[in-house]
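# Descriptive structure summary
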Amino acid sequence: TMLKGMTRLISRVHKLDAGHFLHTGSQAPQNLAAHLDNQVPVESPRAVSRTSESDPAKHGEQHEGQHYNIPLQDLKAVFPHGLPPRFVMQVKTFNEACLMVRKPALELLHYLKNTNFAHPAVRYVLYGEKGTGKTLSLCHIIHFCAKQDWLILHIPDAHLWVKNCRNLLQSTYNKQRLDQPLEASIWLKNFKTANERFLSQIKVQEKYVWNKRESTEKGSPLGEVVEQGITRVRNATDAVGIVLKELKRQSSSGIFHLLVAVDGVNALWGRTTLKREDKSPIAPEELALIYNLRKMVKNDWHGGAIVLTLSQTGSVFKPRKAFLPQELLGKEGFDTLDPFIPILVSNYNPKEFESCIQYYLENNWLQHEKAHTEDGKKELLFLSNTNPGQLERLCAYL
Amino acid sequence: MAAPCVSCGKAVSYRFFLGARVSLAREQGLWKAAAAEVQTGTASQILRLRHTTVVSTKKNIAALRRETYTLDFIKKQIEEFNIGKRHLANMMGEDPETFTQEDIDRAIAYLFPSGLFEKRARPIMKHPEQIFPKQRAIQWGEDGRPFHFLFYTGKPSYYSLMHEAYGKILDVEKHQNQLRAQGLFSEKTKTKDLIGSRWLIKEELEEILVEKLSDQDYAQFIRLLERLLTLQRGGAEEEFVQRFRRSVTIQSKKQLIEPVQYDEQGMAFSRSEGRRKSAEAEAVVYAHGSGRVSVNGTDYLLYFPVTQDREQLMFPFHFLDRLGKHDVACTVSGGGRAAQAGAIRLAVARALCTLVTEEEVEWMRQGSPGQEFQQGTEGMTSLFSPMSGMPAGKTHSAGGDSKAGLWNHLEAFSFTHLVPGLSCLKGWDC
């Protein structure tokens, strides 16, 4: 339709209608000219979609809407787990990891740069509709903190801990609670990859007895606890609990800054889909992992920050359209997290949308011949309603 | 077997009656002939009689293979119909003189309510000409000589029609030659507007002529008529040709009434409705906006998570190249997910008519076949017809479906032989 549309628009210039048409009429020849010599507007989109600033600490307002590159080794070190699966696929396809700098992330970075470590940890909650970019914003923050040499405690998706768990053992530490060895051991492995350098620095301050033969002495590095959890899967959950406790205690001392990043934090206070052998449902507090994590996100420690994300996508028993903190956290969760700083993550604004399309075009991701035309962009805009997730899924087909 | 033959005879004949009553429209002569046969049989032949009665019915069927309704029979049926019509009018309390066919239909539907789905199976009362198939009168006289001069061609009415048409062509040409000779011939060719009408179909022609035609015959006839059309012709020939043309109503043109509206705050908007399957939607399209669409108060991205539905919403705007220029606020209820999307699409398209020029409306109505669509599997038909590939809804008023249901000629030949006369009612009255 494009050419036909163009000719019709030009013919419409002669018709006097609302000033509307006259505008489009006058723009039509320019557009035609632009399309005729294709190479002209290349310079400006490049400036729009990418930036060379790859240190999140230096990202500011001027970088808004632009993609910055994360080197691939960094990616493996900082994000062993935690990137959304579709993003991982995109990274593999394009052979580069580019995150868009967006306003919510910039806001959070600003707050984090000005944190007062003597005060109790501030809680930030990223919320928004489905597919608006909460997880990726979280990843941006984590990258920043990693660059700043914080200790990152990143739980990629808390929902994974409240549903579809196979082996639940009765906890050795506390008879009331239940262990999840698999999930805990996986998490410990990833935690180790992410925070290698800290594991030797931090020393445990208590003696922990695992069983009759093994125990960890006071003063031994945290790495040992982690190793113990990974090798002895049965004690993995307890190892996680110990790690969390130690880190919380010691972050106030000032050796390191602690970032607690939990994605899908609404899983902590809700229902689980897990059942005991006698088919009675399990409440979240009866899971040791969840119980310890809840202690972690309480703001009774200082020396770091807590960044949380709400997510309806993986949640259980929550309506599809719910995205507000009150709805997703429930009364209990909201009261526990209160006070927190809510940060809304919304859909793309036009500049960001344009930048995203340019990024895909540069990587030759959009093969449809109409994709780079104005009409095509408008179609994509309408169909995705500027929602980043939807846009990504749509472009995957083109 | 030792039973008295009289009762057996009666039993046999009774069984025979039952067998014969299956076919209603049989002549009475049939029964009398068979009954005569029964009576000739004796007691000892009872068993064989049963067989022979069966055989005799079969033979009689073979003999009367062509069910000709005699002229008297048809006349009698017509009289019965008229009398029955008057009775019916009296029953319904209406005036017998001005009782039309629609009134009859309504009365029958009222008196004999039927839940059958097939409309043609329901009770009807129509003029015998519409019920009984047309037959030809006997075409030869008592001496065996046929009346029509073309009888031996096998299709006399068809060939006589061709003869007539060709005669008219020759007349017109002769007339034109005369005019040319006199120098009064003017070259103007008036092209009559043939757009709103179409030629008769072969079935319709067969129905008029009451004989079977072949495709080549039909094609030949149409060619002749078209040749007549190309010549300059006067009024009589015009009338002759018009007999063979039927008008085609352009349905969708009738339905689009477009009021323009302005609301408070000076915003120009237009509101209209659309329906699809059992979903009803009402859309309010604002003339100036940024492309936000809200459905039942929520954003359309949340309401229609499936891309296909959003494509449906996008389509009217995309067709007119007005993607980011209008805001829409709509309400929808009923139906399923795709039906609601289709209903909103229709409502939006209709609403856009007001805000758009006439020729674009025409363009929308026809749809343009060359349109491509990003991911949709739909081909392109007009915006006012339901999603292509899907069957049109029953209540769908905005059909634009000129292709559907053109031809229901078979209704003239109804299956049911439910008799048009009200003989059954007469029976009940007594």
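Going by an unreviewed UniProt entry, chain B carries the name Small ribosomal subunit protein uS9m and comes from Equus caballus.

As annotated in an unreviewed UniProt entry, chain A is Small ribosomal subunit protein mS29 from Equus caballus. Word for word, the UniProt comment on chain A under Subcellular location (unreviewed entry) is "Mitochondrion". Recorded in UniProt under Sequence similarities (unreviewed entry), the annotation for chain A is "Belongs to the mitochondrion-specific ribosomal protein mS29 family."

## Re the overall build of chain B
The helix and strand tally for chain B stands at 16 helices and 8 strands. Of all 430 residues assigned to chain B, the portion counted as buried reaches 35%. The long-range share in chain B, meaning contacts at least 24 apart out of those at least 6 apart in sequence, stands at 66%.

## Observations concerning the overall build of chain A
Helix and strand counts for chain A come out as 16 helices and 11 strands. Looking at chain A residue by residue over its 398 residues, the buried ones come to 51%. Of the contacts made within chain A by residues no fewer than 6 positions apart, 72% connect residues no fewer than 24 positions apart. Summed over all atoms, the accessible surface of chain A reaches about 18900 Å², with 54% contributed by carbon and sulfur.

## Focus: unusual backbone geometry
At Asp149 of chain A, a residue that is not glycine, the phi angle is positive and equals roughly 70°. Along the chain, the position of Asp149 of chain A falls in the loop between helix H7 (134-147) and strand S4 (151-155). Residues other than glycine seldom take positive phi values, yet Asp321 of chain B does so here, at roughly 60°. With respect to the element layout, Asp321 of chain B can be found in the loop between helix H13 (307-319) and strand S8 (327-333). Residue classification places Asp321 of chain B among the buried residues on the basis of a relative accessible area of 16%.

## Details of a nonpolar patch on the surface
On the surface, Met91, Tyr110 and Leu111 of chain B cluster together into a nonpolar patch covering about 310 Å² of accessible area. Checked against the element boundaries, Leu111 of chain B lands in helix H5 (residues 101-111).

## Quick word on the sheet that holds strand S10 (residues 304-309) of chain A
Residue and element names in this part refer to chain A. Read from one edge of the open sheet, 5 strands run S4-S9-S10-S3-S11, paired in parallel fashion. Edge positions in the sheet fall to S4 and strand S11 (341-344), since each of these pairs with one other strand and no more. For this sheet the average axis-to-axis angle between neighbouring strands, irrespective of direction, equals 15°. Across 6 bridges, the pairing between strand S9 (residues 258-263) and S10 is parallel. The partner of Leu259 across the bridge, within S10, is Ala305.

## Some remarks on the nonpolar core
Counting 57 residues, the largest nonpolar core has Leu153, Leu188, Phe191, Leu247, Leu258, Val260 and Val262 of chain A as its most contacted members. A total of 7 residues in this core trace back to one element, the largest contributor, which is helix H11 (residues 236-251) of chain A. Discounting residues that sit within four places of it in the chain, Val260 of chain A has contacts with Leu153, Met296, Val297, Trp301, Ala305, Ile306 and Val307 of chain A. Membership of the second largest hydrophobic core comes to 51 residues, among which are Cys356 and Tyr359 of chain A together with Ala268 and Cys353 of chain B.

## Details of helix H8 (residues 202-209) of chain B
Residue and element names in this part refer to chain B. Within H8, burial applies to Lys202, Glu204, Leu205, Glu206 and Leu209. Along its buried surface, H8 packs onto helix H7 (156-182), strand S1 (197-199), helix H9 (215-230) and strand S2 (245-247). Phi turns positive, to about 55°, at Val210, one or two residues after H8.

## Focus on the packing of aromatic side chains
In this description, a pair of aromatic rings is defined by centroid distance and the angle of the planes. All chains considered together, the criterion is met by 22 aromatic pairs over all chains. Ring geometry for Phe382 of chain A and Phe317 of chain B: centres 6.0 Å apart, planes at 50°, overall tilted. Of this pair, Phe382 of chain A sits in helix H15 (residues 374-384) while Phe317 of chain B sits in helix H13, each in a different chain. Residue Phe382 of chain A is classed as buried on the basis of its relative accessible area of 4%. Residue classification places Phe317 of chain B among the buried residues on the basis of a relative accessible area of 2%.

## Quick notes on a positive patch on the surface
On the surface, a cluster of positive charge is contributed by Lys130, Arg320, Lys321 and Arg393 of chain A. Counting through the fold element by element, Lys130 of chain A comes out in the loop between strand S3 (122-127) and H7.

## Digging into the pairing of S10 of chain A
Residue and element names in this part refer to chain A. With 6 of 6 residues buried, S10 lies mostly within the body of the structure. The alternating pattern of S10 places Gly304, Ile306 and Leu308 on one face and Ala305, Val307 and Thr309 on the opposite face, and all of these are buried. Note that S3 and S10 share 5 bridges and pair parallel. Bridge pairing in S10 places Arg123 opposite Ile306. Of the crossover connections in this fold, the one passing from S9 over helix H12 (residues 288-296) to the parallel S10 is right-handed.

Cut-offs applied
- Residues numbered from 1 in each chain as written.
- Chains lettered and ligands numbered in written order.
- Predicted model: local features only at pLDDT ≥ 70, side-chain atom pairs only at ≥ 80, totals over all residues.
- Heavy atoms only, no water.
- UniProt positions renumbered as here; feature names shortened; annotations may be inferred.
- Helix = DSSP H or I, 4+ residues; strand = E, 2+ residues; numbered from the N terminus.
- Buried < 20%, exposed > 50% of the residue type's maximum accessible area, 1.4 Å probe, protein only.
- Contact = heavy atoms within 4.5 Å.
- Areas by Shrake-Rupley, 256 points an atom, 1.4 Å probe, with all protein chains shown as cover.
- Patch = residues over 30% accessible without salt bridge, like charges linked within 9 Å, V, L, I, M, F, W, Y side chains within 5 Å.
- Salt bridge = Lys/Arg side-chain N within 4 Å of Asp/Glu carboxyl O.
- Pairing = 2+ DSSP bridges.
- Axes fitted to C-alpha atoms, helices over the stretch in contact; angles between N-to-C directions.
- Core = buried A, V, L, I, M, F, W, Y, C linked by side-chain atoms within 4.5 Å.
- Phe/Tyr/Trp six-rings, centres within 6.5 Å; stacked < 30°, edge-to-face > 60°.
- Lys, Arg positive; Asp, Glu negative; His and termini not counted.
- Charge placed at Lys NZ, Arg CZ, Asp CG, Glu CD.
- Right-handed = clockwise from strand over helix to strand, strands pointing away.

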